[in-house]
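# Fold and geometry: a report
Next come the chains, spelled out residue by residue.
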Amino acid sequence: MDTKDLSIFRSVSARAHFTAAYDQALSEWPVSYESCLVTTDFGSTHMIKCGNKANPPLLLIHGMTATSLMWSANIAEWSKNYYVHCIDVPGDFGRSTLLKPLSSKEAAAQWLLELVRELQLGAFHLLGHSMGGFLSLNFTVAHPSHVHSLGLLAPAGSFAPLSRMFYLKMFPPVMFPKPWLIDRAFKWCMSKHNNLGLLPESYRSLLAASYQSCVPRLGLLPTVFTEEELSQLPVPTLFTVGEDEVIYRHSIKTVQAKASIIPDVTIATIPKAGHLLSVEQKQQINELVIDFLGNHPISSNKH
C-alpha cells in the first residue's frame, strides 16, 4: 500500500497551512509541555505531554476533527496533579501520521494498546470526548486491566445512535470547508446559552485550517455497545453529558439509563452545556473530573 494515499492532507501546501495554524494555537498552550511522536503499526502518534512525570498518568483523546488542542481549556487544572498525555488520533486532524486506518473497533483498540505499551505505562486514567469517548470506552471494553478509571464526556455512539442531524450538520464542512459551514456546525454543537466566542481565536483558526487542509481518514464510525459489554465493565466510569446535548438520537434520560448499566458509574448532567461541554462549562467539567480522579487514586506501585 502506498502510504502517501493515507495522508490526511489535501496537498503539500495544505499541510503547511494546517501545521502553521496548529503551531500557532499550540504556542498559546497555557502550561509548559513536551511534544513527541510514538511509533505504532498504525503510524506515528503525536502527543502533547504536560505535568510532573512522577504523577499518575492521565490520557486524553479528543473529539473528531477537534485535535488535542481542544483540551486547552482544561489542561492547566488537570496537569497540576496528573501527568497528562493529549493524544492526536491517527487519521483524524492532527500531527499524527497514518500507515493503516483504524478501520474497526478491534483495530482502534490495538492502536491504543500498542501506544500505551510503547509509553510503558502501568495503570492510567483514560478520558475522551465525543469520538474520543467512544475510542476510550472501546479500549476499556477490550483491555480493562490497563485502565484504572474511565472518563466519558458526551461519547459519540457508545450508549445510543448518533442523531441524523449530526451527519447533516457535521459532514458538509468536511466536503465543502467554507468558514460559515464550519461555524454553523460548531454552533449547532453548543447550548443556546453559549456561543463560538468561548473558543480561542487561534483555535477557531485551527478549525478552519483543519477543514480546509485535511480530509479525515479515521475509517471508523462510533457504534453502540451491548448491555452485556457494559454490564461487565470492571472500571470506575464517569459519564458526563450536557443538558442541551444534540448528538444522540434518543433522549438524554434514555442515554443515561443505558450508561447506568455499567456497575461502577458516576453520571452527571451539565447545565447550560451542549456537546462542547468541556469548553462551554469548563470550570464545572474541570472540577468534576478532578473530583472523580481523586476518588479513584492510583497507588504509587501501579505506575
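Please refer to the structure placed before this passage.
What you see is a predicted model; the values in this text were computed from it and never measured.

For the rest of this paragraph, the subject is the overall build of the chain. A tally of regular secondary structure across the chain gives twelve helices and eight strands. Taking 303 residues into account, the globule formula puts the C-alpha radius of gyration at 19 Å, and the chain, at 18 Å, falls close to it. For the chain, the spread of C-alpha atoms along the principal axes amounts to about 50 × 40 × 35 Å. Split into buried and exposed, the 303 residues of the chain put 55% on the buried side. Taking contacts inside the chain between residues at least 6 apart in sequence as the whole, the part at least 24 apart equals 76%. Looking at the chain as shown, the accessible area adds up to about 12700 Å², and 52% of this sits on carbon and sulfur atoms.

A word on the sheet that holds strand 6 (residues 147-153). The sheet built from eight strands is open, its strands ordered 1-2-4-3-5-6-7-8 with mixed pairing. Lying at the two open borders of the sheet, with one neighbouring strand each, are strand 1 (34-40) and strand 8 (265-270). Adjacent strand axes in the sheet meet at a mean angle of 20° when their direction is disregarded. Relative to the sheet, helix 4 (residues 131-142) contacts strand 3 (57-61), strand 5 (124-129) and strand 6, its axis offset from that of strand 5 by approximately 140°. Most of the contacts of helix 10 (residues 252-259) go to strand 7 (residues 237-242), to which it runs at about 175°, and overall it touches strand 7 and strand 8.

So, about the packing of aromatic side chains. All told, the structure shown has ten aromatic pairs when counted by the stated rule. For the ring pair Phe-93 and Tyr-211, a centre distance of 5.3 Å and an interplane angle of 85° mean the geometry is edge-to-face. You can see Phe-93 sitting in the loop between strand 4 (83-87) and helix 3 (105-118) and its partner Tyr-211 sitting in helix 8 (residues 201-213), a full 118 residues away along the chain. On the accessibility criterion, Tyr-211 (1% relative accessible area) is buried. The interplanar angle of 70° and the centroid separation of 5.0 Å between the aromatic rings of Phe-159 and Phe-239 together place this pair among those described as edge-to-face. Residue Phe-159 is found in the loop between strand 6 and helix 5 (164-170), and its partner Phe-239 is found in strand 7; the two are separated by 80 residues along the sequence. Residue classification places Phe-159 among the buried residues on the basis of a relative accessible area of 4%.

Relative to the elements of secondary structure, Ala-273 occurs in the loop between strand 8 and helix 11 (277-280). Taking relative accessible area as the criterion, Ala-273 reaches 0% and is therefore assigned buried.

Cut-offs used in this document
Residues numbered from 1 in each chain as written. Predicted model: local features only at pLDDT ≥ 70, side-chain atom pairs only at ≥ 80, totals over all residues. Heavy atoms only, no water. Helix = DSSP H or I, 4+ residues; strand = E, 2+ residues; numbered from the N terminus. Rg over C-alpha atoms; globule rule 2.2 N^0.38 Å. Buried < 20%, exposed > 50% of the residue type's maximum accessible area, 1.4 Å probe, protein only. Contact = heavy atoms within 4.5 Å. Areas by Shrake-Rupley, 256 points an atom, 1.4 Å probe, with all protein chains shown as cover. Pairing = 2+ DSSP bridges. Axes fitted to C-alpha atoms, helices over the stretch in contact; angles between N-to-C directions. Phe/Tyr/Trp six-rings, centres within 6.5 Å; stacked < 30°, edge-to-face > 60°.

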